[in-house]
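Architecture at a glance
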Amino acid sequence: MSIHLYVGAPVRGFPSAIKQMGIVALWQAGFDHDEIGAQVSLHPSRVANVLDLVREKTGALRPACPETVR
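Per chain, residues are indexed from 1 in the order of the written sequence. Totals for whole chains, interfaces and linings use every residue, but because this is a predicted model, local features are given only for residues with pLDDT of at least 70 and side-chain atom pairs only at 80 or more, for both listing and counting. Calculation of side-chain values draws on the structure's entire complement of heavy atoms; hydrogens and water are dropped beforehand.

**Structural notes on the packing of aromatic side chains**
Aromatic rings from Phe, Tyr and Trp, with only the six-membered ring used for Trp, were paired whenever their centres fell within 6.5 Å, and each pair was classed as stacked if the ring planes differed by under 30 degrees, edge-to-face if by over 60, and tilted otherwise. Scanning the entire structure with this criterion turns up 0 aromatic pairs. Criterion for a charge above a ring: Lys NZ or Arg CZ within 6 Å of the ring centre, and within 35 degrees of the ring normal. If you follow arginine 55 out to its NZ or CZ, it ends over the ring of tryptophan 27, 5.4 Å from the centre.

The structure is reproduced here in structure tokens:
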């Protein structure tokens with residue numbers, strides 16, 4: 001048995017879906033836009049755009065519990 005996943009092309013100017021999930025995970029872990037941008041090789045403004053896009057689709061994002069931050 002095999003599973004085939006298809007992830008459509010990202011919106012022009014936005015990173016891949018896996019990179020977007022990484023951005024959200026890093027933000028929830030307490031990293032700021034500059035730190036996230038350095039980790040995923042994106043400008044901090046692009047990181048902010050990705051987080052805004054995610055918020056638009058899913059609603060408010062919540063940071064991780066303080067015990068799990070970094």
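**Overview of the pattern of salt bridges**
Whenever a carboxyl oxygen of Asp or Glu lies within 4 Å of a side-chain nitrogen of Lys or Arg, that contact is scored as a salt bridge. Scanning the entire structure with this criterion turns up 1 salt bridge. Here arginine 55 makes a salt bridge to aspartate 52, at a shortest N to O gap of 3.0 Å. Highlighted residues: arginine 55 and aspartate 52, both in helix H3 (residues 44-58), separated by 3 residues, approximately one helical turn. Each residue is assigned to one of three classes by its accessible area relative to the maximum for its type, calculated with a 1.4 Å probe on protein chains only: buried under 20%, partly exposed between the two thresholds, exposed over 50%. Judged by relative accessible area, arginine 55 falls into the partly exposed class, the value being 29%. Note on conventions: DSSP H or I runs of at least 4 residues are helices, E runs of at least 2 residues are strands, and numbering of each starts at the N terminus.

**With respect to unusual backbone geometry**
One non-glycine residue with positive phi stands out, namely serine 41, at about 60 degrees. When you line up the elements, serine 41 lands in the loop between helix H2 (33-40) and H3.

**Observations concerning helix H1 (residues 17-28)**
The terminal C-alpha atoms of H1 lie 17 Å apart, and with 12 residues this matches the ideal 16 Å at 1.5 Å per residue to within 8%. All buried positions along H1 are accounted for by Gln20, Ile23, Val24 and Trp27. Down the axis, H1 shows its buried residues gathered within 95 degrees of arc, on one side only. Among the exposed residues of H1, those pointing more than 90 degrees away from its buried face are Ile18 and Met21. Lining the buried residues of H1 we find H2 and H3. Trailing H1 by a residue or two, glycine 30 shows a phi angle of about 105 degrees, which is positive. Expected span of a helix, by definition, is 1.5 Å for each gap between consecutive residues, and there is one gap fewer than residues. In this description, the arc belongs to the directions extending from the helix axis to the C-beta atoms. Only heavy atoms enter the contact rule, under which two residues are in contact if any of them lie within 4.5 Å.

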